[in-house]
2 protein chains.
Amino acid sequence: MRAGLYLPREIKGKMKPIGVFDSGVGGLTVVKELISQLPGEDIVYFGDTARVPYGIKSRETVIRFSIENILLLLKEDVKLICVACNTVSSVALPVIKNHFRVPIVGVLTPAVREAVYATQNKRIGVIGTPSTIKSRSYEIQIRELDPAIKVFTMATPLFVPFVEEGWLMGKVVLEVARTYLRPLKDARVDTLILGCTHYPLLRPVIQEVLGKQVNLIDSAKQVGMEVKKILSAEGLLNKNGKKGKAKFYVSDNPEWFRNLANRFLGRSVKDVSRVSNV
Amino acid sequence: MRAGLYLPREIKGKMKPIGVFDSGVGGLTVVKELISQLPGEDIVYFGDTARVPYGIKSRETVIRFSIENILLLLKEDVKLICVACNTVSSVALPVIKNHFRVPIVGVLTPAVREAVYATQNKRIGVIGTPSTIKSRSYEIQIRELDPAIKVFTMATPLFVPFVEEGWLMGKVVLEVARTYLRPLKDARVDTLILGCTHYPLLRPVIQEVLGKQVNLIDSAKQVGMEVKKILSAEGLLNKNGKKGKAKFYVSDNPEWFRNLANRFLGRSVKDVSRVSNV
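Rules used in this analysis
- Each chain has its residues counted from 1, running along the sequence as written.
- Chain labels run from A onward and ligand labels from 1 onward, assigned in the order the entries are written.
- At least 70 in pLDDT is required for a residue's local features to be given in this predicted model, at least 80 for side-chain atom pairs to be given and counted, and no such filter applies to totals for whole chains, interfaces and linings, which use all residues.
- Water and hydrogen atoms were dropped before computing side-chain values, which therefore reflect all heavy atoms in the structure.
- Secondary structure is summarised from DSSP: a helix means a run of H or I of at least four residues, a strand means a run of E of at least two, and numbering begins at the N terminus for each.
- The globule rule used for comparison is 2.2 Å times the number of residues to the exponent 0.38, while the radius of gyration itself is calculated over C-alpha atoms.
- Think of it in three bands: residues with accessible area under 20% of the maximum for their type are buried, residues over 50% are exposed, and the middle band is partly exposed, with areas taken using a 1.4 Å probe on protein chains only.
- Values of accessible area rely on a 1.4 Å probe in the Shrake-Rupley scheme; residue burial ignores everything except the protein chains shown.
- Note that His is not counted, nor are the chain ends; the positive residues are Lys and Arg, and the negative ones are Asp and Glu.
- Taken as the charge centre is NZ of Lys, CZ of Arg, CG of Asp or CD of Glu, depending on the residue.
- Overlaid copies result from least-squares superposition on C-alpha atoms, with residues included only where pLDDT is at least 70 in both.
- Contacts are assigned to residue pairs that have any heavy atoms within 4.5 Å of one another.
- All axes are obtained by fitting lines to C-alpha atoms, using only the stretch in contact for helices, and the reported angles, taken between N-to-C directions, cover 0 to 180 degrees.
- Geometric relationships in this document are graded by angle, where less than 35 degrees denotes roughly parallel, more than 145 denotes roughly antiparallel, 65 to 115 denotes roughly perpendicular, and other angles denote oblique.
- The hand of a helix crossing depends on one turn: near helix anticlockwise from the far one by less than a right angle means left-handed, and clockwise means right-handed.
- Polar here means any residue outside two lists: the nonpolar Ala, Val, Leu, Ile, Met, Phe, Trp, Tyr, Cys and Pro, and the charged Asp, Glu, Lys and Arg; Gly therefore counts as polar.

1. With respect to the overall build of chain A
And then number 1: Assigned secondary structure in chain A consists of 13 helices and 10 strands.
And then number 2: A compact globule built from 278 residues would reach a C-alpha radius of gyration of about 19 Å, and chain A, at 18 Å, matches this within 12%.
And then number 3: Along the first, second and third principal axes, the C-alpha atoms of chain A reach 60 × 40 × 35 Å.
And then number 4: Each of the 278 residues in chain A was classed as buried or not, and the buried ones make up 59%.
And then number 5: Entry remark: accessible area of chain A is about 12300 Å², with carbon and sulfur atoms responsible for 52%.
And then number 6: Between the averaged position of the 41 positive side-chain charges in chain A and that of its 26 negative side-chain charges there is a distance of 3 Å.

2. Describing the relation of the copies chain A and chain B
Think of it as a corkscrew move, a rotation about one axis and a shift along it, taking one chain copy to the other.
And then number 1: Superposing chain A onto chain B requires a rotation of 180 degrees together with a translation of 0.0 Å along the rotation axis, leaving an RMSD of 0.0 Å. Overall, the copies show the geometry of a two-fold rotation axis. Every residue of chain A has its C-alpha some distance from the rotation axis, and the shortest such distance is that of Arg51(A), at 2.3 Å.
And then number 2: In this assembly the copies share their binding face: 100% of the residues contributing to the interface of chain A also contribute to that of chain B.

3. Regarding the packing of helix H2 (residues 28–37) of chain B against helix H13 (residues 254–265) of chain B
Residue and element names in this part refer to chain B.
And then number 1: Running from N to C, H2 and H13 point in directions that differ by 55 degrees, and their axes come no closer than 8 Å. When the axis of H2 is compared with that of H13, the two are oblique. In this structure, the crossing between H2 and H13 has a hand that is right-handed. Between H2 and H13, the residues in contact are Leu-28, Thr-29, Val-31 and Lys-32 and Phe-257, Ala-261, Phe-264 and Leu-265, respectively.
And then number 2: In terms of residue class, the contact of H2 with H13 is built from six nonpolar, one polar and one charged.

Structure representation (structure tokens):
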């Protein structure tokens, strides 16, 4: 018997889990923030590890994968879906968001707001996967908030494999970061959006290359606040006072996910199951 | 009307194309050899670019994807299938090969034979994707041919993104190669199998790190010879004297494939179409 079966509808709604999906493990940096900011919420996470990465794939393919992932989370009866992937948020979300009744929160808008607030010299840099950068989604959103801001973007595709292989410091990754970030440094950006959920793990290297004075904006924290705001506005915050549970689904071998989860989440995960999303 | 409709069955068989598949673009290094060694053959290539890469994914997932790819090529009425991917050849081929009537050639056996022939000190190194190395397929095949040979293996996952991003030389990739290859150098291998279709593009860097005296075995050339041998034995060589045509299918955006094809094939490709293999 499912918990809450005889509870009034509005209480049942509050008890539903938050759904989170990503192409792989990167979204766990967002889960970490959700657990920290909303400790009472249950979370269902889906990582599409059979088809990871999304960041080198076309718009049509990313849209198709995203819809399949949303449908999978809807089967888990989630009250809100958090798209913890910058590629999906950039490429697919503008197209598919309005087709669903469930609120869907991406990682872009919260980071953009924070960056626009943080910049002093009105020069913002954005790094991301090739698909994210190609979509120009960050530039468009930043310009909507403040057309006077100059935006400098750079695709940094090697950062994802470096993070997944655990090469987070040392001269190789420092040299790669120097190569990628040189044009942004030359452009004198005072704020850099880390436009991929993997990049916060490279924060020390990126900060070293750009210098201490540059603000590094990672969206995870802002996304947590956004989710809290929406749940609160919709009267959907779980207030039963118990600690929430997190459940993890992946489309490929749970072992790979479990091994990497620790790096992204800061703790080990046990409840990982394999499901098919297609 | 299809060509050869009124031709006797054995001639129609000879005129069928060779099917080649890979997780993405790497298999084009094999196509290059096939075109060079069998210029009269038509080739149908499928690159599963929507789900690339395979090398970090589980055995079950790689087997599932491989079967789907074979079924797609069978729809093209191919006379032989060449698996131009070391991960599939290592992980899936031993399981699925015997389920199909069409001859299926992988990239492992030809390279293993060449390496066993080449080694003088009976110390062979193998580099490949994590899935390939984990499968121990090279060790097993080498030991079958000569149990006295010592095999030293190393997963080198960052090599694929480096090749796909076009970082083929320079101090960063040299440093990565030094880090990966140090244990193989220390093990004094005199022969190294480049166990991934991407790696021939890093041949100069790998040779620099290991030294000129080490034989680098890349399977593409051997695979071409193997395919020729099988077609000849089966009486399926196309001897009509015309230059063969190559057709390319991908599961994601043809543009990404077209951009990379030049690097792997040494010439540009035009006839690229998008298809769904699932």
